[in-house]
Amino acid sequence: MKQLITLTFFLLTFTTFAQKPCEYSANVTDSIGTYKITNECLISEKNFGNTFNYVFFALAQTDGLPTLNLQLIQKSKDFIKANCFDKNSRVFLQLQNGKVVTLMHVDQENCGTLIRDDKGYDNRVNTGIFMFLKDNFEELKKSPVNIMRIKYLTSTEDYIVKNELKSEMNGKVYKPDTYLMENIRCVE
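Residues numbered from 1 in each chain as written. Predicted model: local features only at pLDDT ≥ 70, side-chain atom pairs only at ≥ 80, totals over all residues. Heavy atoms only, no water.

Here we look at the nonpolar core
Part 1 of the reasoning: Counting 36 residues, the largest nonpolar core has Phe-57, Leu-70, Leu-93, Met-148, Ile-150 and Leu-180 as the members making the most contacts within it.
Part 2 of the reasoning: Those elements giving two or more residues to this core turn out to be strand 3 (41-48), strand 4 (51-62), strand 5 (65-76), strand 6 (90-95), strand 7 (100-105), strand 9 (122-132), strand 10 (145-151) and helix 4 (179-183).
Part 3 of the reasoning: No other element matches the seven residues that strand 4 contributes to this core.
Part 4 of the reasoning: Those residues within four positions of Phe-57 in sequence are excluded, and the remaining contacts are Asn-39, Glu-40, Cys-41, Ile-43, Leu-68, Asn-69, Leu-70, Leu-93, Met-148, Tyr-179 and Leu-180. (Core = buried A, V, L, I, M, F, W, Y, C linked by side-chain atoms within 4.5 Å. Buried < 20%, exposed > 50% of the residue type's maximum accessible area, 1.4 Å probe, protein only. Helix = DSSP H or I, 4+ residues; strand = E, 2+ residues; numbered from the N terminus. Contact = heavy atoms within 4.5 Å.)

Re the packing of aromatic side chains
Part 1 of the reasoning: For the structure on display, the rule yields four aromatic pairs.
Part 2 of the reasoning: Taking 5.4 Å as the distance between ring centres and 85° as the angle between the ring planes, the aromatic pair formed by Phe-85 and Phe-130 counts as edge-to-face. Pair noted here: Phe-85 is in the loop between strand 5 and strand 6 and Phe-130 is in strand 9, with a separation of 45 residues, a long-range link.
Part 3 of the reasoning: Owing to a relative accessible area of 0%, Phe-85 belongs among the buried residues under this scheme.
Part 4 of the reasoning: On the accessibility criterion, Phe-130 (0% relative accessible area) is buried.
Part 5 of the reasoning: By the ring-pair criterion, three or more aromatic residues cluster together here, those being Phe-85, Phe-130 and Tyr-152. (Phe/Tyr/Trp six-rings, centres within 6.5 Å; stacked < 30°, edge-to-face > 60°.)

Here's the deal with the state of the cysteines
Part 1 of the reasoning: This structure, assessed with the given rule, holds two disulfides.
Part 2 of the reasoning: Disulfide pairing is shown between Cys-22 and Cys-186; the S-S distance is 2.0 Å. Its torsion about the S-S bond being -90°, the disulfide of Cys-22 and Cys-186 is classed as left-handed. Here Cys-22 is found in the loop between helix 1 (2-17) and strand 1 (24-29), whereas its partner Cys-186 is found in the segment after helix 4, with 164 residues between them in sequence.
Part 3 of the reasoning: Residue class for Cys-22 comes out partly exposed when judged on its relative accessible area of 26%.
Part 4 of the reasoning: Cys-186 gets classed as buried once you look at its relative accessible area, which sits at 3%. (Disulfide = S-S within 2.5 Å.)

Section: the pairing of strand 2 (residues 34-38)
Part 1 of the reasoning: Alignment of strand 1 against strand 2, held across five bridges, turns out to be antiparallel. Within strand 2, the position partnered with Ala-26 by the bridge is Ile-37.
Part 2 of the reasoning: Hairpin geometry of strand 1 and strand 2 is characterised by an intervening segment of four residues between the two adjacent antiparallel strands and by a positive phi of about 155° at Gly-33. (Pairing = 2+ DSSP bridges.)

Digging into the side chain of Asp-122
Part 1 of the reasoning: Structurally, Asp-122 can be placed in strand 9.
Part 2 of the reasoning: Among the polar contacts made by the side chain of Asp-122, one reaches the side chain of Arg-116 at a distance of 2.6 Å.
Part 3 of the reasoning: With sequence-adjacent residues up to four places away left out, Asp-122 is seen in contact with Gln-74, Lys-75, Ser-76, Asp-78, Ile-80, Leu-114, Ile-115 and Arg-116. (Polar contact = N/O pair within 3.5 Å; in protein donor to acceptor, adjacent residues only side chain to side chain.)

As for the pairing of strand 4
Part 1 of the reasoning: Strand direction decides the pairing type here: strand 2 and strand 4, joined by three bridges, are antiparallel. Residue pairing for strand 4: Lys-36 is matched across the bridge by Gln-61.
Part 2 of the reasoning: When strand 3 meets strand 4, the two strands line up antiparallel, connected through seven bridges. Residue pairing in the sheet places Leu-42 in a bridge with Phe-56 of strand 4.
Part 3 of the reasoning: Between strand 3 and strand 4, which pair antiparallel one after the other, the connecting turn spans two residues, and Gly-49 there sits at a positive phi close to 60°.
Part 4 of the reasoning: Where strand 4 meets strand 5, twelve bridges bridge the pair, whose relative direction is antiparallel. Of the residues in strand 5, the one forming a bridge with Phe-52 is Lys-75.
Part 5 of the reasoning: Counting the residues that bridge the hairpin from strand 4 to strand 5 gives two residues, and of these Asp-63 lies at a positive phi of roughly 50°.

What follows is the structure in structure tokens.
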């Protein structure tokens, strides 16, 4: 009987801590190299009046180099201020354990693309690619993210990272605070 209880406890513990398999939106290997990117996760959603702001994360690996792809989507009938990325742009992630992880933008200026839709909304889509620093990479595996600060070319913006976020846009439930903890192994 004691062995049965021990075996049951072991199996429950094993399934509790088992990692789920990596899910990729792209996983390509060809003559040029390899590229894989995880499914996107909604990190922040702000809707106020006729203005909608979304921040998405996806982890990518290009020929062995892990990066964070950050996508900003702004939608409004009013004027949309351009938040540009440049070589000095950074993403700062404050973890629950108190540590701050810094990611550096690749040396590529980008202010996004402005597109007008048929409903009269202006939509700005801006994507930034951020590199991990070696010493910070391991910290992201250990602790959830509390706060994210994005330093743009001319401004800085802070975001509270929730442990669960139900999107008004698509109704999906996201777990933004643990996204990096759960998926960073997929791009190592």
